[in-house]
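# Report on the structure
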Amino acid sequence: MKTTDITYHAAGQRFVGYLAVDDARPGKRPGVLVAHEGGGLADLTKSIARRLAELGYVVFAMDYHGDAAPFTDMDLVMARLGALMVAPAPIREIASVALQILADQPETDTGRMAAIGHCFGGTTVLELARMGAPLKAVVGFHSGLYASEPAKAPIKPVVLTQIGVDDPIITAENRIAFEQEMKAAGADWRMIVYGGAGHSFTNPDVGAMGRPGFDYHQPTDERSWRAMLDLFAEVFGAV
């Protein structure tokens, strides 16, 4: 397993992402861009990248805060993310540059790429779908669904969003608006709403934040991972 940090620049900032690839495996294979939770590119996201690489994918875990430094002040995080939601041009640029880094890896089959994200990372990869990025699939885990600039052209990648029914951030109204957007964009999309799950259901450490509705839920973590792999098998075939 080869892992390395890769520095890139976008939207006037410096970022440091994390590449993971099984360099003992020959030939090209699908590439997966991973976008971290709102707090930053932490060990959990890097472990997801390595886990996917072990399955045969080329994986680049992007950084969208700058210098890959996780935040501990959630009020600061929410203010930063709120600004990116209102004006998505910077996050679209950052994600596009990160996707190009994935595409530039010699092991990446650029005709078979996907993007996944958790929390605002899920919002980020949905923005890639909205802007027509060359992806086969986009998967959001407890991802924000709001779009200040809804898709105007047909959405080409297959879209999967996975939401906890008790998520205090993603309301039923958000889900309905997203459904309407996907229909209008002619997307091949699906949404899975999991009972018993709240926000950040994939993060075993989220309970330490003490925020109501932010809880790890192991059954949903495992089921949502399998749903993602099922979609990859559908759009990529054998790895």
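It should be noted that the structure appears before, not after, this text.
Residues numbered from 1 in each chain as written. Predicted model: local features only at pLDDT ≥ 70, side-chain atom pairs only at ≥ 80, totals over all residues. Heavy atoms only, no water.

A few words on the pairing of strand 1 (residues 2-10). Across nine bridges, the pairing between strand 1 and strand 2 (residues 13-21) is antiparallel. Bridge pairing links D5 to Y18 in strand 2. Counted along the chain from strand 1 to the antiparallel partner strand 2, the turn is two residues long, and its residue A11 has a positive phi close to 50°. (Pairing = 2+ DSSP bridges. Helix = DSSP H or I, 4+ residues; strand = E, 2+ residues; numbered from the N terminus.)

As a further point, take the sheet that holds strand 7 (residues 158-164). One open sheet accounts for eight strands, arranged 1-2-4-3-5-6-7-8; its pairing is mixed. Edge positions in the sheet fall to strand 1 and strand 8 (189-194), since each has one partner strand and no second. The average undirected angle you get between the axes of adjacent strands in this sheet is 20°. By the bridge criterion, five bridges tie strand 5 (residues 108-118) to strand 6 (residues 137-141) in an arrangement that is parallel. When the sheet's bridge partners are listed, A115 is paired in strand 6 with V138. Across the sheet, helix 4 (residues 120-130) is in contact with strand 3 (29-35), strand 4 (58-62), strand 5, strand 6 and strand 7; its angle to strand 5 comes to roughly 140°. Relative to the sheet, helix 5 (residues 172-184) contacts strand 7 and strand 8, its axis offset from that of strand 8 by approximately 165°. (Axes fitted to C-alpha atoms, helices over the stretch in contact; angles between N-to-C directions. Contact = heavy atoms within 4.5 Å.)

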